[in-house]
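An overview of the molecular structure
Spelled out, the chains give:
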Amino acid sequence: MSRPFVTVSRSRSEAVQFRTILAATYPVFLVAAVLQRLRPGAAAPAGPRRSVFGEARAMALSAIPFAFMG
């Protein structure tokens, strides 16, 4: 059986694409994180509270892999 061979240039290209999408979507998730904090009656997270920037990054990192599915 042959396995698909991923070249270094392809993986580097995917890494650049990932960082580009992260840079493009991070501001959107930052606004969403700020709005969540400002919303009255927002439920506090169960664990330790992250900064708004950390929350935005976590949201972006959890959503971006869906762009690479398929």
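Residues numbered from 1 in each chain as written. Predicted model: local features only at pLDDT ≥ 70, side-chain atom pairs only at ≥ 80, totals over all residues. Heavy atoms only, no water.

1. Examining the overall build of the protein chain
When helices and strands are tallied, the protein chain shows two helices and zero strands. When each of the 70 residues of the protein chain is scored for burial, the buried share is 9%. Sequence-distant contacts, at least 24 apart, represent 61% of the contacts inside the protein chain between residues at least 6 apart. (Helix = DSSP H or I, 4+ residues; strand = E, 2+ residues; numbered from the N terminus. Buried < 20%, exposed > 50% of the residue type's maximum accessible area, 1.4 Å probe, protein only. Contact = heavy atoms within 4.5 Å.)

2. Some words on the packing of helix α1 (residues 8-38) against helix α2 (residues 52-63)
One can describe the packing of α1 onto α2 by two numbers: an axis separation of 7 Å at closest approach and a directional angle of 130°. With respect to α2, the axis of α1 lies oblique. Relative to α2, α1 is oriented so that their crossing is right-handed. Within the contact between the two elements, α1 uses Phe18, Leu22, Thr25, Tyr26, Phe29, Leu30, Ala32, Ala33, Val34, Gln36 and Arg37 and α2 uses Val52, Phe53, Glu55, Ala56, Arg57, Met59, Ala60, Leu61 and Ala63. Each residue belonging to the contact of α1 with α2 can be placed in one class, and the counts come to 15 nonpolar, two polar and three charged. (Axes fitted to C-alpha atoms, helices over the stretch in contact; angles between N-to-C directions. Parallel < 35°, antiparallel > 145°, perpendicular 65-115°, else oblique. Left-handed = near helix turned anticlockwise from the far one by under 90°. Nonpolar A, V, L, I, M, F, W, Y, C, P; charged D, E, K, R; others polar.)

3. Some thoughts on the pattern of salt bridges
The full count for this structure, using the stated rule, is one salt bridge. We note a salt bridge from arginine 37 to glutamate 55, for which the minimum N-O separation is 2.7 Å. One end of the pair, arginine 37, is in helix α1; the other, glutamate 55, is in helix α2, and 18 residues separate them in sequence. (Salt bridge = Lys/Arg side-chain N within 4 Å of Asp/Glu carboxyl O.)

4. Some details on α2
Between the first and last C-alpha of α2 there are 17 Å, a value that for 12 residues agrees with the 16 Å anticipated at 1.5 Å per step. Listed in full, the buried residues belonging to α2 are Glu55, Ala56 and Ala60. Buried residues of α2 fall within an arc of 130° about the axis and therefore sit on the same side. Residues of α2 that are buried in the fold lie against α1. (Expected span 1.5 Å × (residues − 1). Arc of directions from axis to C-beta.)

5. Focus: α1
Between its first and last C-alpha, α1 extends 44 Å over 31 residues, near the 45 Å set by a 1.5 Å rise per residue. By the largest-angle criterion, threonine 25 marks the main kink of α1, which is about 35°, and a proline, proline 27, follows within four residues. (Bend = angle between axes of the 7 residues up to and from the residue.)

6. Comments concerning the UniProt feature "transmembrane region" (unreviewed entry) in the protein chain
With numbering matched to this structure, UniProt assigns "transmembrane region" (unreviewed entry) to residues 16-35. In this annotation, residues 16-35 is assigned 100% helix and 0% strand; the end-to-end C-alpha distance for the span is 29 Å. (UniProt positions renumbered as here; feature names shortened; annotations may be inferred.)

7. Examining the side chain of glutamate 55
Classification of glutamate 55 by relative accessible area gives buried; the value is 16%. For glutamate 55, the side chain forms a polar contact with the side chain of arginine 37, separated by 2.7 Å. Other than its neighbours up to four places away in sequence, glutamate 55 contacts Ala33, Gln36, Arg37 and Arg50. (Polar contact = N/O pair within 3.5 Å; in protein donor to acceptor, adjacent residues only side chain to side chain.)

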